[in-house]
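Survey of secondary and tertiary structure
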Amino acid sequence: MSSPLDRLPEAERLAAFDVLAASAVEKWDLRPLSLERVAYRENAVYAVQVDAERRFALRVHRHGYHDRAALESELMWMGALAAAGVATPRVIATPGGETVVEASTQTVPVPHLCDLLSWVEGRQVGSVGKQSSAQPASLFATYRAVGHVGGQIHAHSARWRPPANFVRPHWDREGCLGRGALWGPWFDLEVLEGSERSLLSAAAAVVDDTLQAHGRNPDVYGMLHGDFSPENLLQHDTRVTVIDFDDSGYGWYLWELATAIFWYLGTPQYEPVLEGYVAGYRE
């Protein structure tokens, strides 16, 4: 999962991503007026301003996190959701019909996978680590819209049949708790002390038993977005659009609820967020 760029100082790493992005947009035959880096976490995301009317989002993906098949599957699923009426960014193919391209430069000879999406207008519904100042009624309305989108996604997943070449990870017991966990096994963390390890082991056992009892029928388990954090939910008027499907995969639908409301635990906003999400989901 590590990238050759990870060894560079941050300023040099970001500059290298900027050069990669400029190289990538050429695959779409675009000559942008501006190319602005707007986010950098797992991926580097750029606003591509082509002219007064056309703006796109370019993603330069972290090297080694997803392969081409997984990224093409992610974009395929986004297209299927959009066709079903779910508010997601539109996938932009190259003139040759590719949805995922490779970009490399002399500075970064290792190819990085890139894709292009339609630009989504709106403001993030919140920020991780920053308590919302919105009033309870406003939060309830916002998260009612979020829950509605979550319900749309899961209703679609329950009936959708992916093609044979569809590849996305499973956020299941093994993918979250086991030796083959997608982000690494938690029990290998060297910082854990004895008491902490015992506490987390007991918690993992409870989670494991609960998930086994919950089952994996299509009405509770299927494709999900996987990261309903506030930054990935853009609100424009009353409409909420979901972005950043990087962690989409198979899992329990309740995972979506957990990633949406977790950030509000222990705050006065928790109840209206939870109640709003559930109300919208039940619609």
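Now for a quick tour of the structure. Not measured: the values here are computed from a predicted model. (Residues numbered from 1 in each chain as written. Predicted model: local features only at pLDDT ≥ 70, side-chain atom pairs only at ≥ 80, totals over all residues. Heavy atoms only, no water.)

**A few points about helix α1 (residues 10–25)**
Helix length check: α1, at 16 residues, gives a terminal C-alpha distance of 23 Å against a target of 22 Å (1.5 Å per residue), a fit within 8%. Here α1 has its buried residues at Arg 13, Leu 14, Ala 16, Phe 17, Leu 20, Ala 21, Ser 23, Ala 24 and Val 25. Where the residues of α1 are buried, they touch β1 (34–40), β2 (44–49), β3 (55–60), β5 (101–103) and β6 (112–118). (Helix = DSSP H or I, 4+ residues; strand = E, 2+ residues; numbered from the N terminus. Expected span 1.5 Å × (residues − 1). Buried < 20%, exposed > 50% of the residue type's maximum accessible area, 1.4 Å probe, protein only. Contact = heavy atoms within 4.5 Å.)

**Quick notes on a nonpolar patch on the surface**
A cluster of nonpolar side chains, Val 128, Phe 262, Trp 263 and Leu 265, forms an exposed patch at the surface whose accessible area comes to about 370 Å². Here Leu 265 lies in the loop between α6 (254–261) and α7 (270–282). (Patch = residues over 30% accessible without salt bridge, like charges linked within 9 Å, V, L, I, M, F, W, Y side chains within 5 Å. Areas by Shrake-Rupley, 256 points an atom, 1.4 Å probe, with all protein chains shown as cover. Salt bridge = Lys/Arg side-chain N within 4 Å of Asp/Glu carboxyl O.)

**Examining the pattern of salt bridges**
Evaluation of the coordinates by the stated rule reveals twelve salt bridges. Put simply, Asp 208 and Arg 173 hold a salt bridge, and the shortest N to O gap is 2.4 Å. Taken together, the residues span a long stretch of sequence, with Asp 208 in helix α5 (residues 194–214) and Arg 173 in helix α4 (residues 173–177) at a distance of 35 residues. Across the pair Arg 179 and Asp 188 runs a salt bridge, and its minimum N-O distance is 2.5 Å. Given a relative accessible area of 53%, Arg 179 falls into the exposed group.

**Some words on the sheet that holds strand β9 (residues 233–236)**
On the basis of which strands lie adjacent, the open sheet formed by three strands has the order β7-β9-β10 and antiparallel pairing. At either end of the open sheet lies a strand with only one pairing partner, and these are β7 (123–124) and β10 (239–242). Alignment of β9 against β10, held across four bridges, turns out to be antiparallel. The residue bridging Leu 233 from the neighbouring strand is Val 242, located in β10. Of the strands in this sheet, β9 and β10 are in contact with helix α3 (residues 136–159), which crosses β10 at around 50 degrees. (Pairing = 2+ DSSP bridges. Axes fitted to C-alpha atoms, helices over the stretch in contact; angles between N-to-C directions.)

**Here's the deal with the environment of His 154**
Note that His 154 resides in helix α3. Along the chain, His 154 and Leu 224 lie 70 residues apart, while their C-alpha atoms are 6.7 Å from each other. Apart from residues lying up to four places away in sequence, His 154 is in contact with Met 223, Leu 224, Tyr 253, Glu 256 and Tyr 281. A distance of 3.0 Å separates polar atoms of two side chains, one belonging to His 154 and the other to Glu 256. (Polar contact = N/O pair within 3.5 Å; in protein donor to acceptor, adjacent residues only side chain to side chain.)

**Section: the nonpolar core**
Among the nonpolar cores identified, the biggest contains 36 residues, and Trp 77, Tyr 143, Val 146, Ile 153, Phe 228 and Leu 233 are the most heavily contacted of them. Excluding residues that lie within four positions of it along the chain, Ile 153 makes contacts with Trp 77, Leu 81, Val 86, Met 223, Phe 228 and Glu 256. Counting residues in hydrophobic clusters, the runner-up holds 22 residues, among them Ala 16, Ala 44, Val 108 and Leu 116. (Core = buried A, V, L, I, M, F, W, Y, C linked by side-chain atoms within 4.5 Å.)

**Quick word on α5**
Over its 21 residues, α5 runs 30 Å from end to end, which matches the ideal 30 Å to within 8%, given 1.5 Å per residue. Gly 215 sits one or two positions beyond α5 and adopts a positive phi of about 80 degrees.

**Description of the layout of surface pockets**
Volume-wise, the largest pocket comes out at about 1,100 Å³. Lining the largest pocket are 35 residues, with Cys 176, Val 207, Trp 255, Ala 258 and Thr 259 positioned closest to its centre. The set of elements that each furnish at least two residues to the lining of the largest pocket consists of α4, α5 and α6. In terms of residues, the lining of the largest pocket owes the most to one element, α5, which gives seven residues. Along the lines of polarity and charge, the residues of the lining of the largest pocket split into 23 nonpolar, seven polar and five charged. In this structure, the second largest pocket occupies an estimated 630 Å³ of space. If you trace the second largest pocket, you find 22 residues lining it, with Val 38, Ala 39, Val 45, Glu 231 and Ile 243 closest to the centre. For the lining of the second largest pocket, the secondary structure elements donating two or more residues are β1, β3, β6 and β7. Across the lining of the second largest pocket, the residue classes tally to ten nonpolar, five polar and seven charged. (1 Å grid on protein atoms, 1.4 Å probe; cavity = no way out; pocket = protein on both sides within 12 Å on 5 of 7 lines; lining within 4 Å. Points joined across faces, edges and corners; volume = space filled by probe spheres on them. Nonpolar A, V, L, I, M, F, W, Y, C, P; charged D, E, K, R; others polar.)

**Considerations on unusual backbone geometry**
Positioned with a positive phi, Asp 29 is a non-glycine residue whose angle comes to about 55 degrees. In this structure, Asp 29 sits in the loop between α1 and β1. The backbone of Asp 244 shows a phi angle near 60 degrees, a positive value even though the residue is not glycine. Following the sequence through the fold, Asp 244 ends up in the loop between β10 and β11 (249–252). Judged by relative accessible area, Asp 244 falls into the partly exposed class, the value being 24%.

Any functional reading would require information beyond the geometric quantities listed.
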